[in-house]
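Summary of the model geometry
Here's the letter readout for the chains.
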Amino acid sequence: FDLCNMNLIIDAGNTSVKLAVFKENELLSVQQTALKEFDSTLATFMNQYPEITDTIVSSVSFEDKDSLGLLNLSGQVIYVDQHLKLPFENHYGSPESLGADRIALAASAVLQYPDKNALILDAGTCITYDLVTEYKCYLGGAISPGLHMRYRALHEYTSRLPLLKTTDIDELIGNTTENSIHSGVINGLCREIDGVIGQYQSLYEHLTVILTGGDAVFLSKRLKKAIFAHSNFLLEGLNFLLEYNKR
């Protein structure tokens, strides 16, 4: 497809918003901001890149389109939902409930790994697993608690366990309460991911595994299974969806 104008990508997650600008398939700029600072950051972006002509919005945190206050954007504004034209067959049983982020990840896999069986892991607030087959069919996957959610759950659902932040550990056997929590959360999640990848590999030959999301770098060093780590995989998928729906 032809890319000639600047595209604005807005990815509103559970805790923050990412804004990115693409030109001719090249990522020019990306910035992450808190939800409450979104309006001012958007205004800064629009002033900095007046050549923006088209926008795509992926949101898992805003209940309706008006909540974004987007609506002084010039040009075409596309929202990722079940009505969007997709570059793959969607075999999800409840397409209306499929998250915009998972749609974008599947699109990115189709763009970057054509004719491949691809499993995409997005490690953020939640860990999502999404499978796209070599025939460009999206089948679904799984949703699991992410690293920080696991730390919070141990703290909030017990009376005495502290709330900890993710840290580097090498120990399997924790010799303090803090080390035991770190071992349980980090080793437990890594073994889960390795195990799930192994299950998918037993079903699909020559499986390409992609890891992305905020905790991707931290987790990638601890996984036994071979993966490709992509920091902007979702943003690239959203840009692809925007171009795909311009035609």
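Residues numbered from 1 in each chain as written. Predicted model: local features only at pLDDT ≥ 70, side-chain atom pairs only at ≥ 80, totals over all residues. Heavy atoms only, no water.

Bringing the pattern of salt bridges into the picture now. Evaluated as defined, the whole model comprises eight salt bridges. Residue Arg102 is joined to Asp130 by a salt bridge in which the shortest nitrogen-to-oxygen separation is 2.7 Å. Taken together, the positions of Arg102 in helix α2 (residues 100-112) and Asp130 in strand β8 (residues 126-132) put the pair 28 residues apart, joining distant regions of the chain. Taking the relative accessible area as the measure of exposure, Asp130 reaches 0% and is therefore buried. (Salt bridge = Lys/Arg side-chain N within 4 Å of Asp/Glu carboxyl O. Helix = DSSP H or I, 4+ residues; strand = E, 2+ residues; numbered from the N terminus. Buried < 20%, exposed > 50% of the residue type's maximum accessible area, 1.4 Å probe, protein only.)

Moving on, we get to the packing of aromatic side chains. Per the counting criterion, the structure on display carries five aromatic pairs. Here the aromatic rings of Phe88 and Tyr138 are separated by 6.0 Å at their centres, their planes lie at 50 degrees, and the arrangement is tilted. Of this pair, Phe88 sits in the loop between β5 (76-79) and β6 (89-90) while Tyr138 sits in strand β9 (residues 137-145); the two residues are 50 residues apart in sequence, bridging distant segments of the chain. Accessibility classification places Phe88 together with Tyr138 in one group, the buried group. With centroids separated by 6.0 Å and ring planes inclined at 40 degrees, the aromatic side chains of Tyr113 and Phe228 adopt a geometry described as tilted. One end of the pair, Tyr113, is in the loop between α2 and β7 (117-123); the other, Phe228, is in strand β11 (residues 228-229), and 115 residues separate them in sequence. Residue class for Tyr113 comes out buried when judged on its relative accessible area of 15%. Of the aromatic side chains, those joined through ring pairs into one cluster are Phe88, Tyr92 and Tyr138. The lysine or arginine in question, Lys85, covers the ring of Tyr244, its NZ or CZ lying 5.3 Å from the ring centre. When the ring centre of Phe218 is taken as reference, the NZ or CZ atom of Arg222 above it lies at 3.8 Å. (Phe/Tyr/Trp six-rings, centres within 6.5 Å; stacked < 30°, edge-to-face > 60°. Lys NZ or Arg CZ within 6 Å of the ring centre and 35° of its normal.)

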